[in-house]
Every structure is written in structure tokens, then in C-alpha cells.
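Reading the structure
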Amino acid sequence: MSAQARGVLLCVLGATGDLTHRKLVPAIAGLRRAGLIGGPMPLVGFARQPLDDESFRQRLHETVEGSDADDVIAQAVYVVGDLRQADDYKALGSRLDEIEAAQGPFAGRIFYLAAPPSTYTDIFQALGSVGLQDESHGFSRIIVEKPFGHDLLSARELNQELLSVFREDQVFRIDHYLGKETVQNILVLRFANGIFEPLWNRRYVDHVQISVMESIGVEHRGKYYEEAGALRDMMQNHLLQLLTLIAMEPPVTFDAEQVHNEKVKVLRALRLPAPHEVPNVTVRGQYGPGEMAGKPVPGYREEPDVRRDSQQETFAAVKLQVENWRWADVPFYLRTGKRLGRRVSEISVQFQRAPQRLFPRETRLQPNVLRLRIQPDEGMTLSVGAKVPGLRIELRDVDMAFDYGTFGKPGTEAYERLLYDAITGDGTLFTRRDEVEAAWQVVDAIEAGWRQEEIGPDIYRAGSLGPEAADELLHHDGRRWHLR
Ligand code: BG6
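Here's what I pulled together on the structure shown here.

Thresholds, definitions, all that
Residues numbered from 1 in each chain as written. Predicted model: local features only at pLDDT ≥ 70, side-chain atom pairs only at ≥ 80, totals over all residues. Heavy atoms only, no water. Helix = DSSP H or I, 4+ residues; strand = E, 2+ residues; numbered from the N terminus. Rg over C-alpha atoms; globule rule 2.2 N^0.38 Å. Contact = heavy atoms within 4.5 Å. Areas by Shrake-Rupley, 256 points an atom, 1.4 Å probe, with all protein chains shown as cover. Lys, Arg positive; Asp, Glu negative; His and termini not counted. Charge placed at Lys NZ, Arg CZ, Asp CG, Glu CD. Salt bridge = Lys/Arg side-chain N within 4 Å of Asp/Glu carboxyl O. Pairing = 2+ DSSP bridges. Axes fitted to C-alpha atoms, helices over the stretch in contact; angles between N-to-C directions. Near = heavy atom within 4 Å. Polar contact = N/O pair within 3.5 Å; in protein donor to acceptor, adjacent residues only side chain to side chain. Nonpolar A, V, L, I, M, F, W, Y, C, P; charged D, E, K, R; others polar. Patch = residues over 30% accessible without salt bridge, like charges linked within 9 Å, V, L, I, M, F, W, Y side chains within 5 Å. Buried < 20%, exposed > 50% of the residue type's maximum accessible area, 1.4 Å probe, protein only. Phe/Tyr/Trp six-rings, centres within 6.5 Å; stacked < 30°, edge-to-face > 60°. Lys NZ or Arg CZ within 6 Å of the ring centre and 35° of its normal. Core = buried A, V, L, I, M, F, W, Y, C linked by side-chain atoms within 4.5 Å.

A look at the overall build of the protein
What the protein contains, in helices and strands, is 14 helices and 17 strands. The C-alpha radius of gyration of the protein comes to 24 Å, within 12% of the 23 Å expected for a compact globule of 484 residues. By its C-alpha atoms, the protein is 80 × 50 × 45 Å across when sized along the principal axes. A fraction of 75% describes how many contacts in the protein between residues 6 or more apart in sequence connect residues 24 or more apart. For the protein, the accessible area works out to roughly 21700 Å², and carbon and sulfur atoms hold 50% of it. For the protein, the distance from the average position of its 58 positive side-chain charges to the average position of its 70 negative side-chain charges is 6 Å.

Let's talk about the pattern of salt bridges
Scanning the model with the defined rule gives 38 salt bridges in all. One salt bridge in this structure joins arginine 190 and glutamate 197, with 3.4 Å as the shortest N-O distance. By sharing partners, the salt bridges in this structure join Arg190, Glu197, Glu249 and Arg326 into a single network.

Digging into the sheet that holds strand S4 (residues 108–113)
Taken in spatial order, the 6 strands make up an open sheet running S3-S2-S1-S4-S5-S6, and their pairing is parallel. Across the chains shown, the open sheet's two edge strands, defined by having one partner strand only, are strand S3 (77–80) and strand S6 (171–173). Strand after strand, the sheet turns through a mean of 20 degrees between neighbouring axes, direction not considered. As paired elements, strand S1 (residues 8–13) and strand S2 (residues 43–47) share 4 bridges and run parallel to each other. Paired with leucine 13 across the strands is phenylalanine 46, a residue of S2. Along the sheet, helix H3 (residues 53–63) contacts S2 and S3; its crossing angle with S3, the most-contacted strand, is approximately 120 degrees.

Digging into the site of the ligand
Taken together, Lys146, His176, Tyr177, Lys180, Glu214, Ile216, Arg221, Asp233, Met234, His238, Lys338 and Gln375 form the complete shell of residues around the ligand. The separation between an oxygen atom of the ligand and a polar side-chain atom of glutamate 214 is 2.5 Å. For the ligand, whose accessible area on its own is 390 Å², the fraction buried by protein is 81%. A per-class count over the shell around the ligand returns 3 nonpolar, 3 polar and 6 charged.

Points about a negative patch on the surface
There is a patch of like negative charges on the surface, built from Asp458, Glu468, Asp471 and Glu472. Among the elements that make up the negative patch, the one with the highest residue count is helix H14 (residues 468–475) (3 residues). For glutamate 472, the position within the fold is in helix H14. With a relative accessible area of 45%, glutamate 472 lands in the partly exposed category.

Looking at the packing of aromatic side chains
Inspection of every chain in the model, using the stated rule, returns 15 aromatic pairs. On the basis of an interplanar angle of 40 degrees and a centroid distance of 6.2 Å, the ring pair of tyrosine 120 and phenylalanine 124 is categorised as tilted. Placement of the pair is tyrosine 120 and phenylalanine 124 together in helix H6 (residues 120–129), with a separation of 4 residues, close to one helical turn. Residue classification places tyrosine 120 among the buried residues on the basis of a relative accessible area of 0%. Take phenylalanine 124: its relative accessible area is 0%, and that puts it in the buried class. Ring plane angle 85 degrees and centroid distance 5.3 Å describe the contact between tryptophan 327 and phenylalanine 332, whose orientation is recorded as edge-to-face. Comparing tryptophan 327 with phenylalanine 332, the two get one shared label, buried. Pairwise contacts between aromatic rings join Tyr224, Tyr225, Tyr287, Tyr300, Phe315 and Tyr460 into one cluster. Taking the ring centre of phenylalanine 139 as reference, the NZ or CZ of arginine 141 above it sits at 3.5 Å. Of note, arginine 335 hangs over the ring of tryptophan 481, and the distance from its end group to the ring centre comes to 4.0 Å.

A short note on the sheet that holds strand S16 (residues 394–403)
With mixed pairing, the 9 strands of this open sheet are ordered in space as S16-S15-S14-S13-S7-S12-S11-S8-S17. The outermost strands of the open sheet, each flanked by one partner alone, are S16 and strand S17 (458–461). Each strand of the sheet is rotated relative to its neighbour by a mean of 20 degrees, with strand direction disregarded. By the bridge criterion, 6 bridges tie strand S7 (residues 205–213) to strand S12 (residues 331–337) in an arrangement that is parallel. Each residue of the ladder has a partner; that of serine 211, found in S12, is arginine 335. Relative to the sheet, helix H8 (residues 181–191) contacts strand S13 (344–351), strand S14 (369–375) and strand S15 (379–388), its axis offset from that of S14 by approximately 150 degrees.

With respect to the nonpolar core
In terms of nonpolar packing, the biggest core is built from 145 residues, with Leu13, Tyr89, Leu92, Ile142, Leu243 and Phe332 touching the most fellow members. If one sorts the elements of this core by residue count, helix H9 (residues 222–247) sits on top with 12 residues. Residues in contact with leucine 92, not counting those within four places in the same chain, are Cys11, Leu13, Val44, Phe46, Val79 and Leu132.

Overview of the environment of glutamate 313
Along the chain, the position of glutamate 313 falls in the loop between strand S10 (295–297) and strand S11 (315–321). Residue classification places glutamate 313 among the buried positions, given a relative accessible area of 0%. Spatially, the C-alpha atom of glutamate 313 lies 24 Å from that of proline 376, the residues being 63 residues apart in sequence. A distance of 2.9 Å separates polar atoms of two side chains, one belonging to glutamate 313 and the other to arginine 284.

Given below as C-alpha cells:
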């Protein structure tokens with residue numbers, strides 16, 4: 001019988017944080033609604049706050065939106081324990097055994113780390129010390145939220161600790177961007193269609209742009225953000241993952257191992273800029289006060305838990321080169337930021353101009369651009385030059401467009417997809433050890449340059465599209481951002 005039919009125990013470590021009510025309970029409810037989990041799936045909360053099952057459920061009731069999670073909440077249980085205390089995990093283990101005796105046997109157990117990253121090592125060790133990684137009665141898997149480390153060294157150490165307890169195939173490192181429908185569609189677009197692959201290389205592609213623009217500020221996460229910044233918070237994971245999907249070679253088969261093998265090759269092929277080159281290929285920005293939707297908003301330095309003289313970046317743009325046969329000399333421009341005038345994530349692949357100009361005023365045409373809209377307004381367009389009706393030859397850019405609305409049903413929410421994959425043991429949409437480490441190498445190189453060259457952030461107005469230097473990064477190469 002499948003894991004979905006037999007049921008799974010989902011144990012949330014750090015269950016009183018907002019991930020449980022914002023993402024996990026709705027994800028289980030969504031999977032149930034879609035008929036994707038038939039068997040029982042009790043959520044076992046584990047955290048320090050002194051709650052009992054009833055008060056934990058009560059809390060979830062108050063915070064989870066929508067009533068279709070009522071069943072999930074009614075089955076939730078709670079174990080009090082200190083995430084760092086190995087002894088407390090014995091109580092957790094006993095409670096899991098009891099639930100299994102009463103409702104099981106289950107296909108396995110999933111431990112979901114929804115705790116502060118500083119506790120990760122202690123949690124790995126504690127789980128190991130009471131044998132919760134053991135698989136003699138069903139699988140034992142661990143889902144680890146980002147950030148996974150804060151640089152290469154810490155990520156390596158974390159991986160070592162984690163893999164001294166769990167095997168790599170028991171580990172599911174989350175990058176929720178990989179769970180988005182539109183992100184999964186990148187591979188389908190590239191490898192299920194015959195027409196793109198022949199063009200998908202340095203002979204036809206001029207450059208690639210990846211923009212993940214957010215309108216929100218740092219909200220209540222000032223403390224975390226002061227440690228992370230845009231480079232660690234978004235670039236290391238989400239944007240570099242998008243880049244790997246665009247740049248990777250076709251995998252031999254669509255299984256996790258093969259897909260990861262190809263992705264990691266891309267990350268390893270990224271040219272690491274020397275510190276003195278970093279100012280020429282990166283932009284660092286921080287939002288100052290400004291206006292969003294007509295209302296004044298504070299600058300980053302006025303946000304709660306942020307130092308008044310903080311040098312942390314809330315915007316980063318980077319020009320990267322993938323040094324392999326397919327992509328040599330094709331720049332990849334990546335940018336991300338908070339408090340920008342638009343909330344939109346988009347990848348655009350700009351093709352080279354036609355080699356010869358046959359038509360008058362053809363120079364007015366833009367080169368063909370394939371735009372993949374990740375969110376919102378999910379879809380894609382390919383811009384092409386067309387003749388405007390009339391006696392004269394007049395040309396104009398038009399879009400061939402596909403809109404996700406065409407399917408007439410909403411996409412699966414990222415956490416639903418990822419939770420489902422962890423239940424079924426499919427690691428394709430998670431990140432492997434070597435991928436995470438290779439991505440940190442890139443971030444470390446940029447950080448080193450910012451440090452050595454003393455690059456502080458350019459202040460941009462909240463509600464703008466980021467610092468002007470980000471436009472100059474492309475102007476310098478005779479290009480411009482498509483999203484403006
Ligand atoms: C998270 C970052 O990983 O992604 C946040 O920590 C960011 O800072 C969020 O806001 C963006 O996710 P989404 O799905 O809203 O694009």
C-alpha cells in the first residue's frame with residue numbers, strides 16, 4: 001500500500017511558530033481535499049510553550065484561515081519539549097509510539113524543522129540520540145527549512161551534522177520556489193517541447209534575466225534579515241535555483257538523482273568573481289522611506305529590530321556567467337529586492353536579433369523574448385515581430401501568450417506539493433547537499449568582494465524599482481531590464 005494510503009505521522013519541531021498555521025495545516029488540508037492522502041496524518045506539534053493538545057488545537061483554530069482545516073486541527077496533538085534537550089525527545093518518541101499503537105501502523109514519520117536555524121544542529125543530534133532516524137518500523141524523513149547555513153563553511157558543517165544522523169535520501173531541504181507550478185513548468189517547457197532545446201544555447205540566446213521583485217518590506221523579520229540580507233535570503237536559494245532550471249542540461253531521466261546531477265553542474269560552472277571584480281558585476285541596495293500604494297512607508301533602518309545604521313542589503317543584482325559550452329559569454333542577470341513598486345517574479349530569455357535587416361524601420365523591433373511569469377498572473381509570452389496591417393511595411397512587437405487561467409483550475413500551493421513529495425519520498429523538488437554548498441560558494445564570493453571593496457548599499461526609495469545602479473549594470477552591456 002502506498003504511503004499516502006497508509007498514513008504518515010508529521011511531527012513539527014518548533015510547532016508554535018507561524019509556519020504551522022500559515023503553511024503546514026493548510027497544506028495537509030489541501031492534500032486531503034484533493035484526495036491525495038487517504039490514510040491518517042496526525043500533526044504532532046513539538047515546542048517549548050506549555051500547551052496541551054486542547055490548547056494547541058485552540059490556537060490553530062484561531063490562526064488557521066478557512067474551515068476546511070477543522071479535521072486536521074481536531075487530530076493534532078502536542079508534546080512539550082525543549083528543541084535543544086535530547087531528553088525531551090524521549091517523550092516525543094514515546095508519544096509517537098503511542099499514536100502509532102492506536103492509529104497505525106503508518107508508512108513512516110516525517111520530522112519537519114520549523115525552528116530557528118540556530119537550533120538545527122542540536123535538533124539533529126537530539127533526534128539521533130534517541131534513535132528517531134531509525135527506519136525499522138517505517139520510513140523516517142526530515143524536512144529542513146531554509147536558510148541552510150549562512151555561508152559555505154556553516155552549510156558544510158550543518159550537512160555533516162545532519163548526515164551523521166540521517167542518510168541523504170532521508171533528507172528534504174526545502175526551497176519553496178521549486179514547489180511553485182510555474183517553476184516546475186520550466187522543465188516541462190524546455191524538455192517536453194522539441195522547439196526550444198535547439199535554440200537554448202549561446203548561439204541563439206543573447207542573455208537571461210531573472211527578477212524576483214517583492215513589494216513587502218522585512219515585516220516582523222528584522223532580526224533575521226539583519227543576519228541574512230537579500231543575497232542570503234533570496235539569491236542563494238530561490239534565484240540560483242531558477243537559474244539552474246533554465247541553464248541545466250537535459251537529465252537522462254526525470255528522477256531526483258539525475259535532475260540534481262545536472263543542476264549541480266550548472267552551479268559549479270558559475271564563474272566566481274574575484275573580490276576586486278565584484279563591484280562591476282553586482283549591485284547592493286537598501287530601501288529608504290517612500291510610498292507604497294499611496295501610503296508612506298518607513299525605510300529599512302526604521303523597521304523594528306533593525307540597526308539604525310544598518311548596512312544590510314534589501315536588494316541585490318548580480319551578473320553571472322555559466323562557464324560551459326552551452327552558455328559561455330551569455331550573461332545571466334539576477335535581481336531581487338523588497339519594497340519595490342511591483343510584486344512580480346519573471347524570467348526572460350532574450351534571443352539574438354535576426355542576422356540581417358530586410359525591412360525598413362526594423363531596428364524598432366525588439367529581439368524575441370520568451371518571458372516566463374512565475375507570479376502573479378502566471379503564464380508565458382513569446383514576443384515576435386509582426387507586420388501591422390496596411391499598405392506600408394510597418395513592423396511591431398506582438399506577444400504569443402499563454403495564461404495559466406486557461407486550465408480553469410488553481411495550481412497546487414507550493415507547500416502542498418512539497419509535503420506530498422516528502423510523503424511519497426520524491427526528492428526531485430528539494431535541494432541536495434552539493435547543490436546547497438555550491439550555491440553558497442557563489443554567495444561567499446560576492447560577500448567577500450563587498451567586504452574587501454567596502455561596498456555598502458545604495459539607498460533606493462521604497463516603491464521604486466531599486467537603485468539606479470541596477471539599471472546601469474545592464475546599460476553598461478547595452479541592455480535593459482524587461483520588467484520596468
Ligand atoms: C522567503 C524569504 O524564502 O521567500 C522571504 O525568506 C520572501 O523574505 C519569500 O518574502 C518570498 O516568497 P514568495 O513565495 O512570496 O515569492
